[in-house]
Amino acid sequence: VHPHSRQLWLPVWENKIDGPRRGKRRVPCSLGYWFVARNGKLNLTYIMRSCDFYTHYPNDIALANIMQHHVAKRTDLEVGSLTHFIGSFHCYAKDVSEIF
């Protein structure tokens, strides 16, 4: 741990720890959060392997935003950009009529 670093990776899935449990519990959709402090602002990159647009996306992005605001406040930084990468962004056929 580097307490004066301007970046931090917060994993949700750590293969060394969670890998042996594969099959006993599911791999989370959220893989991790990368916080980077630049020019007095806290930027967050949120990385997911998979996200269901109808059921989970609104909560996932809202919670990432809340966490970014919380960390920014605790570190005396302004809130910067929030970038969200999703490997598989989808909606299920059962939900299409609710969306479109």
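Residues numbered from 1 in each chain as written. Predicted model: local features only at pLDDT ≥ 70, side-chain atom pairs only at ≥ 80, totals over all residues. Heavy atoms only, no water.

## Comments concerning the overall build of the chain
To keep it simple, the criterion reads: Helix and strand assignments follow DSSP, with helices taken as H or I runs no shorter than four residues and strands as E runs no shorter than two, numbered in order from the N terminus. Contacts were defined at the residue level, with two residues in contact if any of their heavy atoms lie within 4.5 Å. The accessible surface values rely on the Shrake-Rupley method and a 1.4 Å probe; as for residues, cover is taken only from the protein chains in view.
Counting secondary structure elements, the chain contains 3 helices and 4 strands. For the chain, the α and β elements follow one another from N to C terminus as β-α-β-β-α-β-α. Expressed as a percentage of contacts within the chain between residues at least 6 apart in sequence, the contacts between residues at least 24 apart total 55%. Taken as a whole, the chain presents about 7,300 Å² of accessible surface, with 57% of it coming from carbon and sulfur.

## Description of the layout of surface pockets
Which entries qualify depends on this criterion: A cavity, in this analysis, means grid points on a 1 Å lattice covering only the protein atoms where a 1.4 Å probe fits yet has no way out; a pocket is instead an open set bounded by protein on both sides within 12 Å along at least five of seven lines, and a residue lines either one if it has an atom within 4 Å of a point. Grid points are joined across faces, edges and corners, and a volume is the space filled by probe spheres set on the points. Charged residues are taken to be Asp, Glu, Lys and Arg, nonpolar residues to be Ala, Val, Leu, Ile, Met, Phe, Trp, Tyr, Cys and Pro, and polar residues to be all remaining types, Gly included.
Of the volumes computed, that of the second largest pocket is approximately 190 Å³. For the lining of the second largest pocket, the element with the highest residue contribution is strand 3 (residues 41–52), accounting for 4 residues. Taken together, the residues of the lining of the second largest pocket sort by class into 5 nonpolar, 5 polar and 3 charged.

## Regarding a nonpolar patch on the surface
Worth spelling out the cut-off: Here a patch means residues that are over 30% exposed by relative accessible area and free of salt bridges, tied together within 9 Å if like-charged and within 5 Å if nonpolar (Val, Leu, Ile, Met, Phe, Trp, Tyr). For this analysis, a salt bridge means a side-chain nitrogen from Lys or Arg found within 4 Å of a carboxyl oxygen belonging to Asp or Glu.
Together, F53, Y54 and F89 make up a nonpolar patch on the protein surface, roughly 290 Å² of accessible area in all. Here F89 lies in strand 4 (residues 78–90).

## A closer look at the sheet that holds strand 1 (residues 7–11)
The strands that make up a sheet pair up through hydrogen bonds in the backbone, lying either parallel or antiparallel. This is how it is decided: Strand pairing is assigned whenever DSSP identifies at least 2 bridges connecting the two strands. Interaxial angles span 0 to 180 degrees and are taken between N-to-C directions of axes, which are lines fitted to C-alpha atoms, for helices over the stretch in contact.
With respect to topology, 4 strands assemble into an open sheet ordered 1-2-3-4, the strand pairing being mixed. The open sheet has two free edges, formed respectively by strand 1 and strand 4, since each of these has just one partner strand. With strand direction ignored, the average angle separating the axes of adjacent strands in the sheet is 15°. Taken together, the 10 bridges between strand 3 and strand 4 define a ladder with parallel strand orientation. Along strand 4, the bridge assignment pairs I47 with F85.

## Topic: the pairing of strand 3
Put simply, the test is: Handedness of a crossover: with both strands directed away from the viewer, a clockwise path from the first strand across the helix to the second marks it as right-handed.
As defined by bridge partners, strand 2 (residues 30–38) adjoins strand 3 across 8 bridges and the pair is classed as antiparallel. Looking at strand 3, one finds that F35 is bridged to L44. In this region the chain leaves strand 3, passes through helix 2 (residues 57–74) and returns to the parallel neighbour strand 4; the handedness of that crossover is right-handed.

## Quick word on the side chain of T45
To keep it simple, the criterion reads: Only protein chains enter the accessibility calculation, which uses a 1.4 Å probe. A residue is then buried if its area is under 20% of the maximum for its type, exposed if over 50%, and partly exposed in between.
Within the secondary structure layout, T45 lies in strand 3. Under the relative-accessibility criterion, T45 is labelled buried at 14%.

## Let's talk about the environment of L42
Mapping L42 onto the fold places it in strand 3. Among the residues examined, L42 registers a relative accessible area of 4% and is labelled buried. As a C-alpha pair, L42 and R6 span 36 residues in sequence and 9.1 Å in three-dimensional space. When near neighbours in sequence (up to four residues on either side) are disregarded, L42 contacts F35, V36, A37, Q68, V71, A72, L77, E78, V79, G80 and S81.

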